[in-house]
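# An overview of the molecular structure
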Amino acid sequence: MKRQARSRCLQTLCMAVVLILTGCATGQRASETEQVSIGPYPALTGRLIVMEPTKRWQVLLTWRAATPDHGWLRLTHAATNTVIELRWQGGAMELRDNRQPAWHAVDRTSLSEHGIVIAPQELATILLGRMPAHFQKVSVNRWKSMNNGAVIQLQWVPQAHRLMMTDLKHGRKATLIIQP
């Protein structure tokens, strides 16, 4: 039971951290991005609600990334008393949790195995007010990407400080609710 809960928390981390992954480049240069109305949020706290076709759960999120190339996040899943931390510097990422406190390297492939479709570097770019070039504007505060076979839709609701990230191919949805 604990192993299953831990796996669920890792999946949540993956969903949060890489809901845009699927083979994206690590950092985005300003010339490759579009300025958007999201953020800037170099540091935030909030909730991440993840919905899949058969499950739903939520975690508390603490995020710090002043630049896309360097950052840290913590996910707390109260129901299982699990805390997961991820930090990154450039393309290198490390992960730990309260049961295995030593940092260990993690790569995009292992994150993608848990359903992650947005790399933390790209999520940081978005939260800092820039949209990666592979996202095409669909309408006001809505973008879509069909990068490397993944179909990802983003919708920003500014008055609610809410970023909805949907993996249309797999039926997953993650909603980041930022506490102002």
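One can find the structure itself at the top, above this paragraph.
Residues numbered from 1 in each chain as written. Predicted model: local features only at pLDDT ≥ 70, side-chain atom pairs only at ≥ 80, totals over all residues. Heavy atoms only, no water.

The next point concerns unusual backbone geometry. Each neighbour pair has its own omega, and for G39 with P40 the value is 10 degrees, a cis peptide bond. For P40, the position within the fold is in the loop between β1 (33-35) and β2 (43-51). Backbone geometry at N81 places phi at a positive 55 degrees, although glycine is not the residue there. Mapping N81 onto the fold places it in the loop between β4 (70-77) and β5 (82-89). The backbone of N141 shows a phi angle near 60 degrees, a positive value even though the residue is not glycine. (Helix = DSSP H or I, 4+ residues; strand = E, 2+ residues; numbered from the N terminus.)

Per the stated rule, a full pass over the model turns up five salt bridges. The partner of E52 in a salt bridge is R172, with the nearest N and O atoms 3.8 Å apart. Taken together, the residues span a long stretch of sequence, with E52 in the loop between β2 and β3 (56-67) and R172 in strand β13 (residues 172-178) at a distance of 120 residues. Exposure class is identical for E52 and R172. Each is buried. With a shortest N-O distance of 2.7 Å, R87 and E94 are connected by a salt bridge. Salt bridges sharing partners connect three or more residues here, namely E52, D167 and R172. (Salt bridge = Lys/Arg side-chain N within 4 Å of Asp/Glu carboxyl O. Buried < 20%, exposed > 50% of the residue type's maximum accessible area, 1.4 Å probe, protein only.)

Here we take up the packing of aromatic side chains. Taken as a whole and judged by the stated rule, the model has two aromatic pairs. Between W63 and W88, the aromatic rings sit 5.3 Å apart at their centres with planes inclined by 45 degrees, giving tilted as the arrangement. Separated by 25 residues along the polypeptide, W63 in strand β3 and W88 in strand β5 bring together distant segments of the chain. Both residues of the pair, W63 and W88, belong to the buried class. The cationic tip of R87 hangs over the ring face of W103; the distance from NZ or CZ to the ring centre is 3.9 Å. (Phe/Tyr/Trp six-rings, centres within 6.5 Å; stacked < 30°, edge-to-face > 60°. Lys NZ or Arg CZ within 6 Å of the ring centre and 35° of its normal.)

Among the eight residues that make up helix α3 (residues 120-127), eight are buried, leaving the element largely enclosed by the rest of the structure. The set of residues buried in α3 consists of P120, Q121, E122, L123, A124, T125, I126 and L127. Two residues or fewer past α3, G129 is found with a positive phi of approximately 95 degrees.

Turning our attention to the pairing of strand β11 (residues 152-157). Most of β11 is tucked away, with five of its six residues classed as buried. In the sheet, strand β10 (residues 142-145) pairs with β11 via four bridges, with the strands oriented antiparallel. From the neighbouring strand, K144 faces β11, where its bridge partner is Q153. Bridge count between β11 and strand β12 (residues 162-167): six bridges; the pairing is antiparallel. In the strand pairing of β12, Q155 is matched with M164. (Pairing = 2+ DSSP bridges.)

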